Amino acid sequence: MKQKLIAKAQELRQHGFTTGEIADELNVSMDTARWLTLQKATEEKTEAPVDFAINWKSIGGNATRLSYVSGALSDMALSHGEVDTVVGIAVSGVPFATVMADFIEDMTGLDTSIAIFHPNKHRKDADSTDDEGTISTNFGSVEGKKVVIVDDVITSGKTAKEVIHTVKDLGGEPTCVVVLIDKAGLSEIEGIPVESLIKVSRL
Ligand SMILES: O=P(O)(O)OC[C@H]1O[C@H](OP(=O)(O)OP(=O)(O)O)[C@H](O)[C@@H]1O
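So, here's what we can say about the structure. Nothing here was measured: the structure is a model prediction, and the numbers come from that model. (Residues numbered from 1 in each chain as written. Predicted model: local features only at pLDDT ≥ 70, side-chain atom pairs only at ≥ 80, totals over all residues. Heavy atoms only, no water.)

## Some points on the environment of Ile6
The topology assignment puts Ile6 in helix 1 (residues 2-14). With a relative accessible area of 0%, Ile6 lands in the buried category. Separated by 27 residues in the primary sequence, Ile6 and Ala33 place their C-alpha atoms 8.7 Å from one another. (Helix = DSSP H or I, 4+ residues; strand = E, 2+ residues; numbered from the N terminus. Buried < 20%, exposed > 50% of the residue type's maximum accessible area, 1.4 Å probe, protein only.)

Here you go:
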């Protein structure tokens, strides 16, 4: 597996991907991406950072399974109170947000909207990694709403932090962040609770 990741990282580098883009593509941290690109494919000289790639295609490739998982995420989200809007982080958080809004509406009997967050790193013209992303205007709004944020994976927590700032800047109230897998083992980000189906902790 490690050799495959090294080969993939080096292939991406040859195609001009930056370290950040390789990290995103392989769902690993920046440190791991950098380490992978520096290895010789057949020889390991240094210890790898503690990290791993996530493949949740068995869920993402099947609408029924995705729906079941979204039900579980909705249940966790509702443990933090009412929800007006579910914000999905593009790209992978979007299908979960869509199904979750439906679940939450059924579970509470209250109108529940979806909104889509585009991280700054996805912008082609991003000139600074410090800039924040945007909430799409084609979906629901977050202003004055109790907002749940959903994504597939937390690696460093940077993206979730970016959404929290954006939602607050737009006058929304983030109540929690829910994800399939939290690789950082966080209990909160910027004071907002993090819920995950699977939380990773170092032994
Ligand atoms: O916690 P962080 O270090 O910020 O990393 C986590 C983010 O990285 C991945 O997104 P990616 O940009 O790969 O987009 P994707 O949803 O299309 O996979 C993942 O889906 C999260 O949004």
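## Quick notes on the nonpolar core
Within the largest apolar cluster, 21 residues are counted, with the highest numbers of intra-cluster contacts made by Leu73, Val86, Phe96, Met100, Val150 and Val178. Broken down by secondary-structure element, the contributors of at least two residues to this core are helix 5 (63-78), helix 6 (93-108), strand 4 (146-154) and strand 5 (173-182). The residues touching Val150, leaving out its near neighbours within four places in the chain, are Leu73, Val86, Val87, Gly88, Ile89, Gly93, Phe96, Ala97, Met100 and Val178. Ranked by size, the runner-up nonpolar core spans 18 residues in total, among them Val87, Ile89, Ile189 and Ile192. (Core = buried A, V, L, I, M, F, W, Y, C linked by side-chain atoms within 4.5 Å. Contact = heavy atoms within 4.5 Å.)

## Some thoughts on the sheet that holds strand 7 (residues 192-199)
On the basis of which strands lie adjacent, the open sheet formed by seven strands has the order 3-2-1-4-5-7-6 and mixed pairing. Two strands lie at the open edges of the sheet, namely strand 3 (134-135) and strand 6 (188-189), each paired on one side alone. Relative to strand 4, strand 1 (residues 85-89) runs parallel, the two sharing four bridges. Paired with Thr85 across the two strands is Val147, which belongs to strand 4. Against the sheet, helix 6 engages strand 1, strand 2 (113-118), strand 4 and strand 5, with an angle of about 165 degrees to strand 1. Strands strand 1, strand 2, strand 3, strand 4, strand 5, strand 6 and strand 7 of the sheet are contacted by helix 7 (residues 158-169), whose axis makes an angle of about 160 degrees with strand 5. (Pairing = 2+ DSSP bridges. Axes fitted to C-alpha atoms, helices over the stretch in contact; angles between N-to-C directions.)

## Re the site of the ligand
Lining the immediate surroundings of the ligand are 16 residues, of which Asp151, Asp152, Ser156, Gly157 and Thr159 lie closest. Contact between the ligand and Asp24: an oxygen atom at 3.1 Å from a main-chain N or O atom of the residue. With respect to the ligand, the backbone of Val91 contributes an N or O atom lying 3.2 Å from an oxygen atom. Here the ligand has 490 Å² of accessible area as a free molecule, and 86% of this is covered by the chains. Elements supplying a minimum of two residues to the shell around the ligand: strand 4 and helix 7. A breakdown of the residues in the shell around the ligand according to their chemical character gives four nonpolar, seven polar and five charged. (Near = heavy atom within 4 Å. Polar contact = N/O pair within 3.5 Å; in protein donor to acceptor, adjacent residues only side chain to side chain. Areas by Shrake-Rupley, 256 points an atom, 1.4 Å probe, with all protein chains shown as cover. Nonpolar A, V, L, I, M, F, W, Y, C, P; charged D, E, K, R; others polar.)

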